[in-house]
Protein chains: 4
Amino acid sequence: MLGRGVWSSVRQGLSRGLSRNVGGWASGEGRKVDIAGIYPPVTTPFTATAEVDYGKLEENLHKLGTFPFRGFVVQGSNGEFPFLTSSERLEVVSRVRQAMPKDKLLLAGSGCESTQATVEMTVSMAQVGADAAIVVTPCYYRGRMSSAALIHHYTKVADLSPVPVVLYSVPANTGLALPVDAVVTLSQHPNIVGIKDSGGDVTRMGLMVHKTRRQDFQVLAGSAGFLLASYAVGAVGGVCALANVLGAQVCQLERLCLTGQWEDAQKLQHRLIEPNTAVTRRFGIPGLKKTMDWFGYYGGPCRAPLQELSPTDEEALRMDFSSNGWL
Amino acid sequence: MLGRGVWSSVRQGLSRGLSRNVGGWASGEGRKVDIAGIYPPVTTPFTATAEVDYGKLEENLHKLGTFPFRGFVVQGSNGEFPFLTSSERLEVVSRVRQAMPKDKLLLAGSGCESTQATVEMTVSMAQVGADAAIVVTPCYYRGRMSSAALIHHYTKVADLSPVPVVLYSVPANTGLALPVDAVVTLSQHPNIVGIKDSGGDVTRMGLMVHKTRRQDFQVLAGSAGFLLASYAVGAVGGVCALANVLGAQVCQLERLCLTGQWEDAQKLQHRLIEPNTAVTRRFGIPGLKKTMDWFGYYGGPCRAPLQELSPTDEEALRMDFSSNGWL
Amino acid sequence: MLGRGVWSSVRQGLSRGLSRNVGGWASGEGRKVDIAGIYPPVTTPFTATAEVDYGKLEENLHKLGTFPFRGFVVQGSNGEFPFLTSSERLEVVSRVRQAMPKDKLLLAGSGCESTQATVEMTVSMAQVGADAAIVVTPCYYRGRMSSAALIHHYTKVADLSPVPVVLYSVPANTGLALPVDAVVTLSQHPNIVGIKDSGGDVTRMGLMVHKTRRQDFQVLAGSAGFLLASYAVGAVGGVCALANVLGAQVCQLERLCLTGQWEDAQKLQHRLIEPNTAVTRRFGIPGLKKTMDWFGYYGGPCRAPLQELSPTDEEALRMDFSSNGWL
Amino acid sequence: MLGRGVWSSVRQGLSRGLSRNVGGWASGEGRKVDIAGIYPPVTTPFTATAEVDYGKLEENLHKLGTFPFRGFVVQGSNGEFPFLTSSERLEVVSRVRQAMPKDKLLLAGSGCESTQATVEMTVSMAQVGADAAIVVTPCYYRGRMSSAALIHHYTKVADLSPVPVVLYSVPANTGLALPVDAVVTLSQHPNIVGIKDSGGDVTRMGLMVHKTRRQDFQVLAGSAGFLLASYAVGAVGGVCALANVLGAQVCQLERLCLTGQWEDAQKLQHRLIEPNTAVTRRFGIPGLKKTMDWFGYYGGPCRAPLQELSPTDEEALRMDFSSNGWL
């Protein structure tokens with residue numbers, strides 16, 4: 001039960017997590033995986049010739065593995081998944097599975113435009129080690145993506161997925177917000193466990209928590225910029241690009257929220273907003289990867305058509321971190 | 001206790017407020033009025049023939065005066081100010097001043113499209129009793145409303161206003177969000193005390209609090225739908241249409257936030273989201289006024305071109321309240 | 001000959017116009033005024049101290065009066081009408097009436113936010129000499145401006161207006177396009193003669209012409225950038241900011257369209273697009289007024305909060321004219 | 001030379017087309033293919049079990065081959081290309097090549113999100129018979145798709161493509177309009193021959209024609225709704241979903257435009273707007289396929305998540321055709 005004492009139950013969820021069969025979904029009992037916690041959406045490292053650099057990927061994972069994350073999201077929007085072939089997508093998931101600590105969750109982004117392709121990718125990702133699938137809304141035909149169409153899509157995927165499904169709404173990339181009524185309907189599916197919502201509309205997030213309160217359904221913030229506010233309205237964690245470079249700080253913010261140290265949480269949240277915007281909306285993945293280089297990870301180049309930052313942009317990026325005391 | 005630190009300091013602010021010259025702006029000392037708290041944006045009652053019904057206005061104020069509001073906003077967007085003549089605008093402010101409790105603040109919306117008209121309206125409203133002016137962004141020429149233009153506009157108004165100025169950003173009506181950089185610059189003006197932000201972007205609100213932390217500058221949420229989240233990121237109150245009908249509940253939500261009772265605050269916030277959306281974005285002022293009729297106030301008709309609700313809409317409005325236990 | 005049929009009938013319309021009681025609406029017969037042709041939306045000149053400069057206004061009109069315009073639009077968006085008092089609005093119309101040639105039409109923008117205020121302004125403008133009223137959509141409560149609300153608004157205005165009414169849709173300013181279904185309904189009103197559509201969606205314009213083909217209803221393009229295309233789909237003229245500075249050229253474009261010289265029309269249209277964008281969307285009224293100064297008219301300052309152009313912007317504005325051979 | 005006498009040169013282009021080496025791009029001479037004319041964007045037929053139905057595809061092509069189209073677009077947005085595997089994409093192109101008349105052009109949509117994948121798909125499509133590649137803007141990272149990024153992307157594709165490249169801007173699907181400055185720069189590439197622009201902004205189309213007038217660069221309208229207006233501003237043809245069902249009528253509209261019969265063109269254009277909107281923006285590919293069933297083609301189901309029309313929608317679709325005399 002998520003309900004009694006929101007924060008205490010979340011904390012219990014976290015501690016309960018240790019004794020659970022993490023990543024296993026016991027379909028017979030209708031139990032769902034608890035996804036509460038912080039996740040970095042892992043970037044995909046490329047060599048100078050734009051090949052996936054699996055070695056660097058593993059090195060990054062080893063470094064990231066030292067933080068108290070709940071797990072890792074692979075092939076969220078920051079993973080450049082639209083630029084990967086199907087086999088690269090699976091190989092990346094497989095490598096991350098091997099490189100990451102055993103007690104953490106691996107949420108793999110398996111969304112494709114067609115329902116059938118999404119089902120196939122979801123099954124394949126489960127086979128190579130994903131604990132859950134995180135499925136972005138199809139979007140190319142957004143004008144026809146009614147609640148009915150999206151409910152049909154996700155229901156089919158969840159019906160056929162061997163692992164739990166996490167909905168994923170990211171309007172900045174898709175031009176489409178998964179409607180709340182669709183979320184509420186889908187929350188009743190035994191194999192749908194939650195949503196990653198990157199839109200930043202906290203009223204909507206609170207409403208989703210409220211309307212799904214009788215389901216085992218969890219809401220994750222899709223960005224560190226509104227993480228504190230999301231906890232305040234009942235979210236249980238976040239998938240935060242910023243955690244790729246300020247992992248300790250994002251986990252600290254989680255802890256401050258979960259232990260009710262709101263004054264300190266607010267101060268920390270404030271200092272994370274500009275860096276977070278810099279590595280997401282303002283400078284995108286090129287900004288995130290550049291910052292990773294600064295913070296001891298391998299960022300490296302993006303695949304084209306994503307371009308590297310101009311010197312001016314790079315300076316502004318640095319300022320967004322330094323002016324908040326992080327560089 | 002959850003509430004130490006930020007919230008206790010806010011409470012101190014509130015109690016300190018009692019000994020201050022509330023509503024008076026001691027320009028000699030550069031002290032600013034403390035606007036922390038909850039405000040209903042008062043509606044303008046009309047008769048069946050679309051005349052302003054000052055008697056009903058006063059009756060509503062007497063009823064609203066029993067709640068622990070910090071004060072009243074007159075001629076926010078819910079006051080149908082674009083439909084009032086200049087003399088009606090002033091007469092409404094004057095009547096509210098007389099009808100409301102003496103110890104509360106009267107924030108009067110004085111925004112016009114031109115800077116000169118805004119200055120004149122602001123001065124006049126101060127003369128008829130406004131404690132502060134709440135000034136919406138000009139918007140008809142939004143394509144030219146750069147930060148520079150808006151800084152110029154607000155600076156001029158604040159320079160010439162005998163009462164403190166509150167910025168007002170309401171993109172749903174204006175198609176324009178007052179840029180954060182303009183807010184930060186304007187926060188340094190000795191006669192600008194805060195902003196009412198109705199956009200619902202809590203990342204932006206947190207950033208404004210953060211970047212103005214060295215100024216006497218306060219952020220108010222412009223809607224009850226994200227009030228809890230706004231407190232969490234450092235806002236100090238809200239101007240909430242919903243407070244016209246659920247005044248006790250909105251004030252209770254404030255108290256729960258200020259005393260750190262986050263679990264109860266979250267539950268209450270959840271139950272207020274749908275009713276709040278119903279009387280704002282979904283059904284607008286006609287919805288708010290209809291609900292006022294249900295809750296013992298005088299709502300009455302809107303001025304044209306605003307239309308009354310269809311029976312279907314009215315039923316949906318009622319459901320948004322009843323399904324959350326308010327009707 | 002390219003121009004037979006549609007264009008010849010338009011020309012017949014123009015010549016028929018000479019024998020009609022232009023500007024008078026013979027309600028008994030249900031006859032409507034013919035508004036086909038080109039109109040500059042007159043700017044409002046201000047002195048250095050932001051007073052309306054009626055002398056300069058008259059001088060501009062005398063110069064503009066030499067072109068074969070169908071008439072003048074006063075207090076379209078380019079007239080800074082939101083910055084004028086009610087009495088200034090009427091005085092401007094009165095002065096233009098006196099300064100302009102007797103055989104031309106005066107379309108006066110009488111839109112206000114409330115239906116009642118719009119009715120009153122429309123009646124007053126007719127009294128000071130407007131041949132027709134051009135009524136912008138109310139927009140502050142755009143979320144409630146359904147087709148039903150807008151039909152109600154315009155019907156009331158048209159019922160009570162002593163002069164014909166022209167609908168006015170300008171989404172760049174209002175954030176609202178008058179829906180086609182509302183236009184079709186309103187086209188049946190005996191006192192509604194057409195629409196000025198500034199949105200630039202030529203599919204929509206063609207559809208309006210098509211769906212109102214059985215009514216006496218005319219469509220005017222709201223900008224010179226899509227004037228040729230508008231004629232091609234059945235519009236009968238345009239209200240063109242650019243005609244304030246390139247009046248001869250815009251009239252020449254009209255003539256080329258009406259006489260079926262499409263090759264030359266296209267070449268001329270092409271050379272007008274960048275200058276037109278410069279004085280409208282790109283640099284707004286400050287750009288238009290600056291260009292008027294260059295072309296022998298009085299442009300002068302705008303009222304605040306509109307700001308004058310930066311030197312960089314002014315250079316870009318000049319380039320948009322010079323690169324097309326106009327400066 | 002496109003220039004002298006726009007319409008006459010286009011007509012010459014059409015007649016010249018018969019003697020040209022259609023589909024061959026003589027790189028040595030820098031000659032480009034002439035893409036002027038009308039193209040249906042071919043739909044991809046599926047069986048009841050969602051397999052590509054190549055037989056039905058060929059049948060449709062045989063029927064469509066009787067109209068005077070310039071050629072066929074395969075895997076434009078109406079081809080459901082995001083739902084096809086890479087091998088399906090190629091097989092469809094190959095089958096269309098075999099089924100279509102030899103003297104027509106095959107423009108194959110080869111756009112992918114990454115530059116590298118787009119290059120590979122373009123090369124492969126040329127190998128299976130595409131005369132030119134039509135390349136949609138990458139869009140998932142639209143926030144980073146600056147002019148510079150898009151110029152880099154298209155330049156790389158055009159450098160490496162064995163067939164000419166047509167740019168493709170379709171903001172309804174991508175949330176992104178290819179900026180005019182990028183189009184102008186790219187028009188100078190010897191292997192980029194034109195743009196299919198589906199945005200419907202005819203001012204923009206005219207500007208593109210104007211700014212590329214010194215290049216061998218052609219503009220195609222991306223929809224039948226603004227086809228006449230596009231010809232008027234200098235476009236040389238269109239890729240029109242409606243041509244899949246009203247092929248004769250769309251070709252007739254072309255002919256009326258090219259022969260200067262503007263009155264008849266306008267009347268025909270008017271009657272095509274609602275049917276066109278119905279099979280594009282209003283009801284999407286499900287609407288187009290349903291209509292194909294009515295008009296003697298094989299429409300059939302879409303791949304999920306696209307849903308079939310509701311009975312109500314189907315009735316509205318039928319009305320959009322019948323009210324204009326097409327059913």
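Residues numbered from 1 in each chain as written. Chains lettered and ligands numbered in written order. Predicted model: local features only at pLDDT ≥ 70, side-chain atom pairs only at ≥ 80, totals over all residues. Heavy atoms only, no water.

(A) The relation of the copies chain A and chain D, seen in detail. Overlaying chain A with chain D gives an RMSD of 0.0 Å, the required rotation being 180° about an axis along which the chain moves by 0.0 Å. Taken together, these values place the two copies in the relation of a two-fold axis. Scanning chain A for the C-alpha nearest the rotation axis identifies Gly 175 of chain A, at a separation of 3.4 Å. Most of the interface of chain A is mirrored in chain D, where 97% of its interface residues are also at the interface. (Least-squares fit on C-alpha atoms with pLDDT ≥ 70 in both. Contact = heavy atoms within 4.5 Å.)

(B) Layout of the interface of chain A and chain D. At the interface, 36 residues of chain A touch 35 residues of chain D. For the pairing of chain A and chain D, the buried interface totals around 2800 Å² over both sides, and the portion due to carbon and sulfur atoms is 59%. When residues of chain A are sorted by the area they lose upon contact with chain D, Tyr 140, Tyr 141 and Arg 144 of chain A head the list and together hold 29% of the total. Inspection of the region where chain A meets chain D yields 0 salt bridges. (Buried area = accessible area lost by both parts, 1.4 Å probe. Salt bridge = Lys/Arg side-chain N within 4 Å of Asp/Glu carboxyl O.)

(C) Representation of the sheet that holds strand β8 (residues 218-221) of chain C within the structure. Residue and element names in this part refer to chain C. Taken together, 9 strands build an open sheet; the order of strands is β1-β9-β8-β7-β6-β5-β4-β3-β2 and the sheet is parallel. The open sheet has two free edges, formed respectively by β1 (37-39) and β2 (41-42), since each of these has just one partner strand. One ladder, built from 2 bridges, connects β2 with strand β3 (residues 71-74); its direction is parallel. For Pro 41, the partnering residue across the bridge sits in β3 and is Val 73. (Pairing = 2+ DSSP bridges. Helix = DSSP H or I, 4+ residues; strand = E, 2+ residues; numbered from the N terminus.)

(D) Representation of the UniProt feature "binding site: pyruvate" (unreviewed entry) in chain A. Residues and elements named next belong to chain A. Sites flagged by UniProt as "binding site: pyruvate" (unreviewed entry) map to Val 239. Take Val 239: it is sitting in strand β9 (residues 237-239). Of the residues examined, Val 239 reaches a relative accessible area of 0% and is grouped as buried. Apart from residues lying up to four places away in sequence, Val 239 is in contact with Tyr 39, Pro 41, Val 73, Lys 196, Leu 220, Ala 221, Gly 222 and Ser 223. (UniProt positions renumbered as here; feature names shortened; annotations may be inferred. Buried < 20%, exposed > 50% of the residue type's maximum accessible area, 1.4 Å probe, protein only.)

(E) Main features of the packing of aromatic side chains. In this structure the tally under the stated criterion is 26 aromatic pairs over all chains. On the numbers, 5.7 Å between centres and 55° between planes, the contact of Phe 295 of chain A with Phe 321 of chain A is tilted. Taken together, the residues span a long stretch of sequence, with Phe 295 of chain A in the loop between α12 (284-294) and α13 (311-322) and Phe 321 of chain A in helix α13 at a distance of 26 residues. Given a relative accessible area of 23%, Phe 295 of chain A falls into the partly exposed group. The class for Phe 321 of chain A is buried, based on a relative accessible area of 0%. When the ring of Phe 69 of chain D is compared with that of Phe 72 of chain D, the centres are 6.0 Å apart and the planes differ by 75°; the resulting orientation is edge-to-face. Site record: aromatic cluster; members linked through ring pairs are Phe 81 and Phe 83 of chain A together with Tyr 140 and Tyr 141 of chain D. (Phe/Tyr/Trp six-rings, centres within 6.5 Å; stacked < 30°, edge-to-face > 60°.)

(F) A look at the interface of chain C and chain D. Across the boundary between the two partners, chain C contributes 30 residues, which contact 30 residues of chain D. Together, the buried faces of chain C and chain D total about 2600 Å²; carbon and sulfur atoms form 60% of this surface. Between Lys 211 of chain D and Glu 274 of chain C there is a salt bridge, and its shortest N-O distance comes to 2.9 Å. Going through the elements one at a time, α1 (6-19), α8 (202-211), α9 (227-232) and α11 (262-282) of chain C are the ones with two or more residues in the side of chain C that touches chain D. In terms of residue class, the side of chain C that touches chain D is made up of 15 nonpolar, 10 polar and 5 charged. (Nonpolar A, V, L, I, M, F, W, Y, C, P; charged D, E, K, R; others polar.)

(G) A look at the side chain of Ser 147 of chain A. With respect to the helices and strands, the residue Ser 147 of chain A is situated in helix α5 (residues 147-160). Setting aside its immediate chain neighbours within four residues, Ser 147 of chain A contacts Pro 179, Asp 181 and Ala 182 of chain A.

(H) Highlighting the nonpolar core. Counting residues in hydrophobic clusters, the biggest one holds 231 residues, and the most contacted among them are Leu 167 and Leu 242 of chain C together with Leu 167 and Leu 242 of chain D. Beyond its immediate chain neighbours, meaning those up to four positions away, Leu 242 of chain D contacts Ala 224, Gly 247, Val 250, Leu 272, Pro 275, Asn 276, Val 279 and Phe 321 of chain D. One finds Phe 69 and Val 96 of chain A, Ala 158 of chain B together with Val 136 of chain D within the second-largest nonpolar core, a separate group that totals 230 residues. (Core = buried A, V, L, I, M, F, W, Y, C linked by side-chain atoms within 4.5 Å.)

(I) A look at the confidence of the model for chain A. Residues and elements named next belong to chain A. Residues of chain A with pLDDT of at least 70 account for 91%, and the chain-wide mean is 92. Here residues 1-30 is modelled with pLDDT under 50, and outside its nearest four sequence neighbours on either side it reaches 50 contacts, counting other chains as well. Here the predicted complex scores 0.93 on pTM and 0.92 on ipTM. (pLDDT = per-residue confidence, 0-100.)

(J) Looking closely at the packing of helix α11 (residues 262-282) of chain B against helix α12 (residues 284-294) of chain B. Residues and elements named next belong to chain B. Running from N to C, α11 and α12 point in directions that differ by 135°, and their axes come no closer than 6 Å. By the angle between their directions, the pair α11 and α12 is classed as oblique. Contact residues: α11 offers Ala 278, Val 279, Thr 280, Arg 281 and Arg 282, while α12 offers Gly 284, Gly 287, Leu 288 and Thr 291. Looking at the contact of α11 with α12 residue by residue, the classes come out as 3 nonpolar, 4 polar and 2 charged. (Axes fitted to C-alpha atoms, helices over the stretch in contact; angles between N-to-C directions. Parallel < 35°, antiparallel > 145°, perpendicular 65-115°, else oblique.)

(K) The arrangement of the chains, seen in detail. The two partners chain A and chain C share no contact, and the minimum distance between any of their C-alpha atoms is 18 Å. At their nearest point, the C-alpha atoms of chain B and chain D are still 18 Å apart, with no contact between the two.

(L) The relation of the copies chain C and chain D, seen in detail. Mapping chain C onto chain D leaves a residual RMSD of 0.0 Å; the transformation is a rotation of 180° accompanied by 0.0 Å of translation along its axis. Of the residues that chain C buries at the interface, 93% are likewise interface residues in chain D, meaning the two copies contact each other through the same surface.

(M) View of α11 of chain B. Its axis deflected by about 35° at Ile 273 of chain B, α11 of chain B carries its strongest bend there, up to four residues before the proline Pro 275 of chain B. Of the residues flanking the end of α11 of chain B, it is Gly 284 of chain B, one or two places downstream, whose phi is positive at about 60°. (Bend = angle between axes of the 7 residues up to and from the residue.)

(N) Region of interest: unusual backbone geometry. Note that the residue after Ala 304 of chain A, namely Pro 305 of chain A, is joined by a cis bond; omega there is 15°. Note that Pro 305 of chain A resides in the loop between α12 and α13. Notably, Glu 80 of chain B is not glycine yet its phi reads approximately 55°, a positive angle.

(O) Inspection of the UniProt feature "active site" (unreviewed entry) in chain A at higher detail. Residue and element names in this part refer to chain A. Per the UniProt annotation, the sites labelled "active site" (unreviewed entry) are Tyr 168 and Lys 196. Spanning 29 residues, the named residues form one tight spatial group whose C-alpha atoms are at most 4.8 Å apart. Within the fold, Tyr 168 resides in strand β6 (residues 165-169). Among the polar contacts made by the side chain of Tyr 168, one reaches the side chain of Ser 77 at a distance of 2.8 Å. Note that Lys 196 resides in strand β7 (residues 192-197). For Lys 196, a relative accessible area of 3% puts it in the buried group. Those residues within four positions of Lys 196 in sequence are excluded, and the remaining contacts are Gly 76, Ile 134, Val 166, Leu 167, Tyr 168, Ser 169, Leu 220, Gly 222 and Val 239. (Polar contact = N/O pair within 3.5 Å; in protein donor to acceptor, adjacent residues only side chain to side chain.)

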